[in-house]
Amino acid sequence: MAARRAVVFPAVFALVSALAWPAGPLAAQDLSCERGDREVRTLRFSGNREFPASVLAATVATMPSSFAGLPLVGERRCLDPVEFTRDVQRLETLYRRRGFPDVAVDTVVRTVRDGVIDITFAVREGEPMRVAAFALRGVDSDPELTAAARDFPMKVGGLFDRSALEAGRDTLVRRLRNHGWPQAEALLAYTTHTAERTADVEVTLVPGARARIGHITLDVDTSTGPRRVSDATVQRALALHSGDWYSARAIIDAQRNLYQTDVFQRVDLQPDSLQPPGDTIVNLTVRLVEGDRWAARGGLGWATLDCFRAQGTLTDRDFLPMAQRLELSARLSKIGIGAPLDQFPNFCQGQAQSDPYSRTLNYNTSMTLRQPVRANQARVPSLTVFSSTLSEYKAYLRRTPIGGVLSISDPFARRSSPRSPSSLSYQLELGRTEAEPAFFCAVFNACDAELRSFLQRNNRLAALEYAITRERVNDPLRPTQGTLVRATLRHASTFIGSDRTQQFNRAIGDASWYRMLGSATITAHLKAGVVQGSGQGGGVGRFIPPQERLYAGGPTTVRGFRQNELGPAVYIVSAFEEATENGQTYYRVSDKTQTERVVPTGGNTLVVGNLEAQWPSPIAPRLLQLAAFADGGRLWNRGSTVQGVQLTSNGPIVKITPGAGVRVASPFGAIRIDFGYNPYDLPAGAAYYNAPLQAGVAPLYCVSPGNRLAVRASDVAGAPAVQDAGVCPSSFRPARRSGILGRLNPSIWIGQAF
């Protein structure tokens, strides 16, 4: 098995690397090939010292073919003679603006074979022009003007870079207009000395009069009906006050604040008129048009593990004074297979039908009261009350009759960052988690019905959670450049109100990197998690509630495994045989025993990594993309024991599954269809038999091969046989389908998986 894995993964990794070979940036020009055109095989730059080749390649329109012209996956690009001539001008303009007036660019075109060429742009940079004298005038009259002019990107001896000079001027003006100078300007002047290769630069600051905000006038359009939002609410959202220093940024923030209340369909905030010279007061007028108070939306869909599902939301945008928003929402899943709406099981996928927790309708109803905006967009509170029944595939069913969450956005920030949002929440709920008896027996040694009932009773869970996201991507639906980092910390203990059996600490973090190489998008993803239980109950020890354990496998983690089936598992079998040794009777599986279902037990430690390449399909490239990937991961129980027996997953330390797939573009994100290849046997685990109800008792028997838990007749007439207490050995490994098709795992996902 190890040898087979060693062959499969390097082959897929080589395929991904080859498909992602860099071929230059995309351009807006049409570089497609027609009969008689010359294909550009490679594009090179020589003589460039000031700028790397990647910067120069982004400047020109000429591009080489991607993937070295491989059929099906490659894109041929040919030479456009007009753009090729302009590329020389583009490169020379870039250099001259950055301080190289004598630059000269030549081109070398080499014919590889008939119709195929290599292109080299030969750059002769020449001597740079440097700054001999630099003066920044008009900043000495006020310390704040001096502070605004800090780190101006121009100094004596540096390059005479006109782009940097103009950028520094713009930054200086923007800083002043945000600190009270609404008419600030900066004038640029420079003299060049061609023979000496020097320039004298002068920047003159004209700040004008420093001004404060005067009267703020509200003009609300009432033509569509009476006003609902009070002046006090508008003023609170504006976060502007008479007497504040004028700030262009604060005015833009105020306009955004009003839009984000979701109460107004039009917001216009402008100074009354141009500020006369010497005037130190700027009056503002806020023109508003209120929108509809009520909003409703809903949706109906179908998913592999959910069967039919539906959701709906009703929003009151002005529920209480100060534009408090009330949201009523409901979600249903397992429609068609889950009782009481189980009338259409034939429309549900086989995976859902094999899940015992899909036989109950899943729902979530909630009522959320939130203040959609506050001053500076920081520390925005919301309160949610909810009731739910939710399941995790083959793992557990969580019933929460009542619960509540109090959350605050950006609790530690003075100003909210739209690209690095965070939240702090306190969750308090009363609920219970139902799981297979075999799960509690194998993981927590809770093998008798009384102890399992204790663990599955209604318990109070109180958890404090902090989550933060750092998003630096160019497109939230289909990113091709940038990074996305997320982290979540979760704590539950009796100190904050949790039941003694519901105590744990959990940390999960993941990071994704996106990069364009040629016409391919390369995605790398890493996820890690750890949970430490401290709950005490029923002699179980460090109990981690099933819903807080870590699970892996499926379309968002390791795609070669079915949902939640990476890592430790136990098995429910259909039958057993009696074996007699030394006068003792044992229940054990036979060679003909069928596995009824897999029960993932999860773990307390998780590591998952993904590497994927996507490129446009040769057919309908705007709609379809092809993908090749390799996923790897490990899920295990770190330091956990049951009666001294170590609970660890078996097999390779890290399991790697390669695969391929298709991406279909849609308005709500890419539809991902993947086929992961799983070369591994199913993990060995304990085997259990759920006996039918007898005399009011439904016993659970360990039937693993070689188990030494003897079975004896019950002392109660008509009662089922009793098995000795002890650890059920993880010695059962069910057979799995062989052949390539039997080892392929299909999965479908909508949106960005990671």
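All of these numbers come straight from a predicted model, not from anything done at the bench.

Draft legend 1. Spatial organisation of the overall build of the protein chain. Scanning the protein chain from N- to C-terminus turns up 11 helices and 35 strands. In the protein chain, 65% of the contacts between residues at least 6 apart in sequence involve partners at least 24 apart. As displayed, the protein chain offers around 36,700 Å² of accessible surface, 55% of which is attributable to carbon and sulfur atoms.

Draft legend 2. Structural context of the state of the cysteines. Counted under the stated rule, the structure contains three disulfides. Residue pairing for cysteine 307: its cysteine sulfur links by disulfide to cysteine 348, the two sulfurs lying 1.8 Å apart. The sign of the -70 degrees torsion about the S-S bond sets the cysteine 307-cysteine 348 disulfide as left-handed. Of the two residues, cysteine 307 is situated in strand 11 (residues 307-320) and cysteine 348 in the loop between strand 12 (324-335) and helix 8 (350-353); the sequence distance between them amounts to 41 residues. Note on cysteine 307: relative accessible area 0%, which makes it buried. What pairs with cysteine 702 in a disulfide is cysteine 728, and their sulfur atoms sit 2.0 Å apart.

Draft legend 3. A look at the confidence of the model for the protein chain. Across the protein chain, the average pLDDT comes to 85, with 89% of residues at 70 or higher. Within the protein chain, the element-level pLDDT minimum falls on helix 1 (residues 2-19), averaging 37, and the maximum on strand 18 (residues 482-492), averaging 96. The low-confidence segment residues 68-73 (pLDDT under 50) makes five contacts with residues lying over four places distant or belonging to another chain.

Draft legend 4. Layout of the environment of cysteine 702. Within the element layout of this structure, cysteine 702 appears in strand 32 (residues 700-702). The exposure class of cysteine 702 is buried, given its relative accessible area of 2%. In this structure, the C-alpha to C-alpha distance between cysteine 702 and alanine 438, residues 264 residues apart in sequence, is 8.7 Å. Beyond its immediate sequence surroundings of up to four residues, cysteine 702 is in contact with Tyr587, Ala687, Tyr688, Asn707, Leu709, Gln723, Cys728 and Pro729.

Draft legend 5. Quick peek at the sheet that holds strand 8 (residues 264-271). Within the open sheet, the three strands sit side by side as 7-9-8. Their pairing is mixed. Where the open sheet ends on each side, the last strands, each with one partner, are strand 7 (212-221) and strand 8. Sheet twist, expressed as the mean angle between neighbouring strand axes with direction ignored, is 15 degrees. Pairing between strand 8 and strand 9 (residues 281-290): seven bridges, direction antiparallel. Its bridge partner lying in strand 9, arginine 266 is registered against valine 289. Packed onto the sheet, helix 6 (residues 231-238) meets strand 7, strand 8 and strand 9 and runs at close to 130 degrees relative to strand 7. Packed on one face of the sheet, helix 7 (residues 248-260) meets strand 8 and strand 9 and runs near 165 degrees to strand 8.

Draft legend 6. Geometry of the sheet that holds strand 31 (residues 687-690). Read from one edge of the open sheet, four strands run 24-21-31-32, paired in mixed fashion. Because the sheet does not close on itself, it has two edges, and the strands there are strand 24 (595-600) and strand 32. Recorded for the sheet is a direction-independent mean angle of 30 degrees between the axes of neighbouring strands. Of the strand pairs in this sheet, strand 21 (residues 569-573) and strand 31 are connected by two bridges, and their pairing is parallel. Note that in strand 31 the partner of tyrosine 571 across the bridge is alanine 687.

Draft legend 7. Region of the structure containing the packing of helix 6 against helix 7. Viewed as axis vectors pointing N to C, helix 6 and helix 7 meet at an angle of 130 degrees, and their least axial separation amounts to 8 Å. Comparing the axis directions of helix 6 and helix 7 gives the class oblique. Along the contact surface, helix 6 presents Val234, Ala237 and Leu238, while helix 7 presents Ala254, Asn257 and Leu258. In terms of residue class, the contact of helix 6 with helix 7 is built from five nonpolar, one polar and no charged.

Draft legend 8. Broad picture of helix 9 (residues 437-444). Among the eight residues of helix 9, seven are classified as buried, and the element is accordingly described as predominantly covered. Here helix 9 has its buried residues at Ala438, Phe439, Phe440, Cys441, Ala442, Val443 and Phe444. Backbone geometry just after helix 9 places asparagine 445 at a positive phi near 60 degrees.

Draft legend 9. A look at the pairing of strand 9. With respect to burial, strand 9 is a largely interior element, seven of its 10 residues being buried. As paired strands, strand 7 and strand 9 are joined by eight bridges and run parallel to one another. Pairing of isoleucine 213 across the sheet is with valine 282, part of strand 9.

Cut-offs applied
- Residues numbered from 1 in each chain as written.
- Predicted model: local features only at pLDDT ≥ 70, side-chain atom pairs only at ≥ 80, totals over all residues.
- Heavy atoms only, no water.
- Helix = DSSP H or I, 4+ residues; strand = E, 2+ residues; numbered from the N terminus.
- Contact = heavy atoms within 4.5 Å.
- Areas by Shrake-Rupley, 256 points an atom, 1.4 Å probe, with all protein chains shown as cover.
- Disulfide = S-S within 2.5 Å.
- Buried < 20%, exposed > 50% of the residue type's maximum accessible area, 1.4 Å probe, protein only.
- pLDDT = per-residue confidence, 0-100.
- Pairing = 2+ DSSP bridges.
- Axes fitted to C-alpha atoms, helices over the stretch in contact; angles between N-to-C directions.
- Parallel < 35°, antiparallel > 145°, perpendicular 65-115°, else oblique.
- Nonpolar A, V, L, I, M, F, W, Y, C, P; charged D, E, K, R; others polar.

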